[in-house]
Amino acid sequence: MSVTTLNEFIIERQSDFPYAKGELSRLLTHIGVAAKVVNREVNKAGLVDILGDAGTDNVQGEHQKKLDIYADEKFIASLKASGECCGIASEEDQNIVTFDENLPRQGKYIVSMDPLDGSSNIDVNVSIGTIFSIFRRVSPVGHKASMEDFLQEGTKQVAAGYIIYGSSTMMVYTTGRGVNGFTLDPSIGEFCLSHPDIITPHSGIIYSINEGNYIKFPEGVKKYIKHCQKKDIPTGRPYTSRYIGSLVADFHRNLLKGGIFIYPKTAGYPSGKLRLLYECNPIAFIIEQAGGKATDGRGNRIMDIKPESLHQRVPFYVGSRNMLNKAEEFMRKYGDKEPDIKEFQ
Ligand code: P6P
């Protein structure tokens, strides 16, 4: 059976964009290269001194893992070398990364990324991922990228995707014409088309939320969780709770099988925990392209939100459209106000 590699697919689909000159194709190809380099280290992380804490904290105040920083460096280097990317926003870097050299400054695109999401799972061998979001720059070509390039609504994304380093390594992405998944074949070192035209089920029985935060959730979320645990669905079984604590892994499973992932406002995270630019927007682009929904729990489409800062957090409800609609029904009926953190101090 002939396989279609990622590079062949990117070139084939380039004709979807009449004025494409191969720039976005080159950018996507470089992301694929960086993914293979990071995958190699992730796969042998237990064998080399790349596990564990780096002894530094990122802008979120989260302990950086050595592999976080390694992935950040590899993706930045590959994006810069593509000559198509003039700037990068990364979870691991406080400010935008811009370039002094002329070649990258000619780049027409910017990339927001979480180079290694879920890194608290690295040391225990649980799936982790890279998430990326690509925009056309709004600042003049030839200059350094500017903050306005990054603070665009998610509807302006030209491409978005993720790499999941799991039982196999996959790259899933969209350029606005459907969602396609590629599995890395280590024997040839190529991502090969394995999941063409992914469509997510309109309903599902999987709900994904960190129930350890239950008492800190808004009332509407608590009521929705109880709804999922009732026996009133056709199969008579309660919904299935699945939560890995790694966004890419939880999302990928729900994308393929149907389900809902919720990271709501909580007493501890009154704006939600997940970041708009490089976690929620790219995942929202993918789910919408696959027929699902992504909102902030109050009916506001994630991709319509105008970002105000690089590391802005938003409440995140994403997955099968019927499940999103039901969850938002509960939020409207019982309220989406999170309890005051003082109740827990
Ligand atoms: P919690 C990982 O740190 C992450 O950013 C996402 O990958 C994941 O969905 C979420 O945080 C898990 O957060 O609070 O449930 O551990």
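Our structure is the block above this text.
Since this is a predicted model, take the numbers as computed values, not measurements. Residue positions are given per chain, counted from 1 along the sequence in the order it is written. Only residues with pLDDT of at least 70 get local features here, since the model is predicted, and only at 80 or more are side-chain atom pairs given and counted; chain-wide, interface and lining totals rely on the full set of residues. Note: side-chain values were computed over all heavy atoms of the structure, leaving out hydrogens and water.

Peer 1: Please give an account of the site of the ligand that cites residues and values.
Peer 2: We call a residue near a molecule or strand whenever a single non-hydrogen atom of that residue lies within 4 Å of it. Taken together, 13 residues surround the ligand, and among them Asp-117, Asn-210, Tyr-243, Leu-247 and Tyr-263 come closest. Counted as a polar contact is a pair of N or O atoms within 3.5 Å, where, for protein atoms, one must be capable of donating a hydrogen and the other of accepting one, and residues adjacent in sequence contribute only when both atoms are in side chains. Separating an oxygen atom of the ligand from a side-chain N or O atom of Asn-210 is a distance of 2.9 Å. Within the side chain of Lys-273, one N or O atom sits 2.9 Å away from an oxygen atom of the ligand. For the area figures, the Shrake-Rupley method with a 1.4 Å probe applies, and any residue is considered shielded solely by the protein chains shown. Across the complex, the protein chains shield 82% of the 400 Å² of accessible surface that the ligand would expose by itself. Amino acids outside the nonpolar list (Ala, Val, Leu, Ile, Met, Phe, Trp, Tyr, Cys, Pro) and the charged list (Asp, Glu, Lys, Arg) are all regarded as polar, and Gly is one of them. Here the shell around the ligand is built from residues that sort into five nonpolar, four polar and four charged.

Peer 1: Account for the environment of Glu-8, naming residues and giving values.
Peer 2: Along the chain, Glu-8 turns up in helix α1 (residues 6-14). Separated by 184 residues in the primary sequence, Glu-8 and Cys-192 place their C-alpha atoms 9.3 Å from one another. The secondary structure listing takes helices from DSSP runs of H or I that are at least 4 residues long and strands from runs of E that are at least 2 residues long, numbered from the N terminus.

Peer 1: Outline the sheet that holds strand β13 (residues 260-263), listing residues and values.
Peer 2: Within a sheet, adjacent strands bond to each other through the backbone by hydrogen bonds, running parallel or antiparallel. Taken together, the five strands give an open sheet; going across it, the order is β12-β11-β13-β15-β14, and neighbouring strands pair in mixed fashion. Of all the strands in the sheet, the pair left with one neighbour each is β12 (240-241) and β14 (293-295). Following DSSP output, two strands are said to pair if at least two bridges run between them. Note that strand β11 (residues 206-208) and β13 share two bridges and pair parallel. Within β13, the residue paired with Ser-208 across the bridge is Phe-261. Relative to the sheet, helix α7 (residues 247-257) contacts β11, β13 and β15 (316-319), its axis offset from that of β11 by approximately 160°. Between two residues, a contact is recorded if the distance between any of their heavy atoms is within 4.5 Å. For helices, the fitted line uses only the C-alpha atoms of the stretch in contact; every axis is such a line through C-alpha atoms, and the angle between N-to-C directions lies from 0 to 180 degrees. Its contacts with the sheet put helix α8 (residues 276-289) on β14 and β15, and the angle it makes with β15 is roughly 25°.

Peer 1: Just give me the short version of the pairing of strand β6 (residues 128-136), but keep the residues and values in it.
Peer 2: Think of it in three bands: residues with accessible area under 20% of the maximum for their type are buried, residues over 50% are exposed, and the middle band is partly exposed, with areas taken using a 1.4 Å probe on protein chains only. In terms of burial, β6 is a largely internal element, eight of the nine residues being buried. Sheet topology note: the strand β5 (residues 109-117)/β6 ladder contains seven bridges and is antiparallel. Pairing of Asp-117 across the sheet is with Gly-129, part of β6. Pairing geometry for β6 and strand β7 (residues 157-165), over eight bridges, is antiparallel. Paired with Ser-133 across the strands is Ala-160, a residue of β7.

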